[in-house]
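# Per-entry structural report
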Amino acid sequence: MNHHKIKVILFGMGIMGKQITRFLADKNVPVVAAVGRRSHIGEDIGELSGIGPSGVSLLAGPDIDLEEVIKASGANVAIHCSANLEEIADQICCCLENGLNVIILSEDAYFPFVENLKTYKRLNDAALRNRVTLVGLGMQDVTWSNKAVILSGNCIRIDSITCESWGMLDVVGQAELDKIHPGVSEEKFYKLTKEEGKENRRGALTFAIYQIADELNLHVTKEITHPHTPILAHTEFDTVHGLHIMPGQTMGSIQCTELMTAENITLTGKICWAYGAEGATGIDKWTFRGIPSFEVITDDPAPFFGTAIDAVLRIPDVMKAEPGFITVKDLPKPRYLHGDLDDYV
């Protein structure tokens with residue numbers, strides 16, 4: 001294992017962590033340490049991921065000395081699957097202070113200048129001080145922001161850019177389900193989101209359209225983030241997560257953000273998560289209004305595959321990037337990498 005140029009410490013062994021482990025193995029990149037939270041502690045991550053014994057057991061995050069784990073593992077890249085930057089800041093800072101380049105899959109890390117600016121500054125300072133790179137990645141990179149930026153080159157004038165994204169709850173893990181509150185009444189949905197302070201919580205697509213505005217050199221003057229609204233079931237059904245949903249109960253939710261710019265171009269992101277009928281898939285629809293106006297529709301964009309793939313294939317770009325807390329604007333355009341990732345470092 002010492003001959004590998006890339007050695008990963010992985011945080012999280014849910015649906016995403018297991019997928020990343022499989023894709024890393026496909027690219028001949030070893031996971032030299034793995035940190036979890038509560039489930040499957042002590043189990044072999046290769047067996048958990050379905051690729052056979054790896055010799056690496058899942059460690060319990062609250063019970064370890066992370067600095068010692070990093071030093072003992074010899075890792076030089078960390079991938080963190082958490083959904084919230086603020087909650088993982090201490091772990092990320094420890095990785096940076098120990099010389100690791102870090103990839104984060106939390107939604108708010110994708111464009112970190114909108115929320116948690118204090119945390120952004122702390123992590124950016126740590127990355128600069130240790131000459132390493134930190135970046136938020138995920139399916140937003142290819143499926144949303146880079147796609148939109150490239151498509152914009154087809155227009156001589158743009159009045160608006162809109163993305164409507166439908167994702168299937170059937171494939172998500174518990175962390176995503178907790179944001180949606182499926183299987184409750186409409187009244188309880190609004191009560192829970194209000195208690196959590198998440199009525200107007202920005203979704204992943206919000207940070208992506210901010211990234212698009214930044215790459216197109218547009219200056220955001222106003223953000224309108226509409227309250228989350230529930231999608232209600234019309235029929236009774238059971239979910240893959242063991243929920244029994246009755247008519248009138250929540251089976252998903254919708255979140256929409258509009259960005260107005262000084263250049264009079266409006267960017268809109270509408271993201272919908274819901275349980276689908278058997279065989280149903282998600283869809284992304286990009287609508288450009290201007291000269292010319294056009295639509296681009298992607299069936300089954302496979303967001304969880306896309307997020308895991310992006311985290312893996314971007315490793316060489318991140319290792320070669322300038323230090324600091326950067327965004328995908330500071331990386332080369334994403335692309336397929338054939339063979340071992342070590343060949344690209």
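Okay, so let's go over this structure. Worth saying up front: this structure is predicted, and the values here are computed from it rather than measured. (Residues numbered from 1 in each chain as written. Predicted model: local features only at pLDDT ≥ 70, side-chain atom pairs only at ≥ 80, totals over all residues. Heavy atoms only, no water.)

### Considering the overall build of the chain
Across its full length, the chain carries 11 helices and 16 strands. In terms of overall dimensions, the chain is globule-like: its C-alpha atoms have a radius of gyration of 20 Å, near the 20 Å expected for 345 residues. Dimensions of the chain, computed from the C-alpha atoms along their principal axes, are close to 50 × 50 × 40 Å. Per-residue burial over the chain gives 52% buried out of 345 residues. In the chain, the share of contacts with a sequence separation of at least 24, taken over all contacts with a separation of at least 6, comes to 72%. Taken as a whole, the chain presents about 15,500 Å² of accessible surface, with 52% of it coming from carbon and sulfur. (Helix = DSSP H or I, 4+ residues; strand = E, 2+ residues; numbered from the N terminus. Rg over C-alpha atoms; globule rule 2.2 N^0.38 Å. Buried < 20%, exposed > 50% of the residue type's maximum accessible area, 1.4 Å probe, protein only. Contact = heavy atoms within 4.5 Å. Areas by Shrake-Rupley, 256 points an atom, 1.4 Å probe, with all protein chains shown as cover.)

### Topic: the environment of Arg 22
Here Arg 22 is to be found in helix H1 (residues 15-26). Here Arg 22 falls in the partly exposed class, since its relative accessible area comes to 30%. For the pair Arg 22 and Ile 51, spaced 29 residues apart in sequence, the C-alpha to C-alpha distance is 6.7 Å. Look past the residues within four positions of Arg 22 in its chain and what remains in contact with it is Ser 49 and Ile 51. At 2.8 Å, the side chain of Arg 22 forms a polar contact with the backbone oxygen of Ser 49. (Polar contact = N/O pair within 3.5 Å; in protein donor to acceptor, adjacent residues only side chain to side chain.)

### Quick notes on the sheet that holds strand S4 (residues 77-80)
If you trace the 7 strands from one edge of the open sheet to the other, you get S3-S2-S1-S4-S5-S6-S16, paired in parallel fashion. Since the sheet does not close on itself, it has two edges, and those belong to strand S3 (58-60) and strand S16 (324-326), each with one partner. With direction set aside, neighbouring strand axes in the sheet form an average angle of 20 degrees. Against the sheet, helix H4 (residues 89-97) touches strand S1 (8-11), strand S2 (31-36), S4, strand S5 (101-104) and strand S6 (133-136), its axis set at about 155 degrees to S5. (Pairing = 2+ DSSP bridges. Axes fitted to C-alpha atoms, helices over the stretch in contact; angles between N-to-C directions.)

### Some details on the nonpolar core
A general tendency of soluble globular proteins is for nonpolar side chains to be buried together. By size, the foremost hydrophobic cluster in this structure holds 73 residues, and its most contacted members are Val 8, Ile 20, Ile 79, Ile 103, Trp 144, Phe 288 and Ile 315. With 8 residues, helix H9 (residues 204-215) is the single largest residue contributor to this core. Beyond its immediate chain neighbours, meaning those up to four positions away, Val 8 contacts Leu 24, Val 29, Pro 30, Val 31, Val 32, Ala 33, Ala 75, Val 77, Ile 79 and Ile 315. Listed in part, the 28 residues of the second largest apolar core include Leu 66, Ala 75, Ile 104 and Leu 123. (Core = buried A, V, L, I, M, F, W, Y, C linked by side-chain atoms within 4.5 Å.)

### A closer look at the state of the cysteines
Under the defined criterion, the tally for this structure stands at 0 disulfides. Note on Cys 81: no disulfide assigned, nearest cysteine sulfur contributed by Cys 95 at a separation of 12 Å. (Disulfide = S-S within 2.5 Å.)

### Let's talk about the side chain of Thr 257
Topologically, Thr 257 is positioned in strand S12 (residues 250-261). Within the structure, the side chain of Thr 257 is placed 2.8 Å from the side chain of Thr 206, a separation counted as a polar contact. If we ignore the near neighbours within four places in the chain, the residues touching Thr 257 are Thr 206, Ile 209, Glu 223, Ile 224, Thr 225, Leu 267, Thr 268 and Gly 269.

### Re the packing of H4 against helix H5 (residues 117-129)
Each pair of packed helices gets described by two things: the angle between the helix axes and the distance between those axes. Relative to each other, H4 and H5 sit at 15 degrees, their axes nearing to 8 Å. With respect to H5, the element H4 is oriented roughly parallel. Here H4 runs over H5; the crossing is left-handed. Where H4 approaches H5, its residues Ala 89, Asp 90, Ile 92, Cys 93, Leu 96 and Glu 97 are matched on the opposing element by Thr 119, Arg 122, Leu 123, Ala 126, Ala 127 and Arg 129. (Parallel < 35°, antiparallel > 145°, perpendicular 65-115°, else oblique. Left-handed = near helix turned anticlockwise from the far one by under 90°.)

### Comments concerning unusual backbone geometry
That bond from Ile 291 to Pro 292 is cis: its omega, -5 degrees, falls within 30 degrees of zero. As for its placement among the helices and strands, Pro 292 is situated in the loop between strand S14 (283-291) and strand S15 (294-299). The phi dihedral of Asn 116 is positive, around 50 degrees, even though this residue is not glycine. For Asn 116, the location among the structural elements is in the loop between S5 and H5. One non-glycine residue, Arg 131, lies in positive phi territory at about 55 degrees. Mapped onto the secondary structure, Arg 131 falls in the loop between H5 and S6.

### With respect to the environment of Gly 136
With respect to the helices and strands, the residue Gly 136 is situated in strand S6. Note: C-alpha distance between Gly 136 and Ala 109 (27 residues apart in sequence) is 4.6 Å. With residues near it in sequence (within four places) discarded, Gly 136 still touches Ile 104, Ala 109, Tyr 110, Phe 325, Ile 326 and Val 328.

### Observations concerning the pairing of S6
Neither face of S6 is exposed, since Thr 133 and Val 135 on one face and Leu 134 and Gly 136 on the opposite face are all buried. Running through H5, the crossover from S5 to the neighbouring parallel element S6 is right-handed. As paired elements, S6 and S16 share 3 bridges and run parallel to each other. Bridged to Val 135 within S16 is Ile 326. (Right-handed = clockwise from strand over helix to strand, strands pointing away.)

### Some details on the pairing of S14
Pairing of strand S7 (residues 157-168) with S14 involves 9 bridges; the strand directions are antiparallel. Across the sheet, residue Glu 164 finds its bridge partner in S14, namely Lys 285. Note that S14 and S15 share 6 bridges and pair antiparallel. When the bridges of S15 are listed, Lys 285 appears paired with Ile 297. Counted between consecutive antiparallel strands, the loop separating S14 from S15 contains 2 residues.

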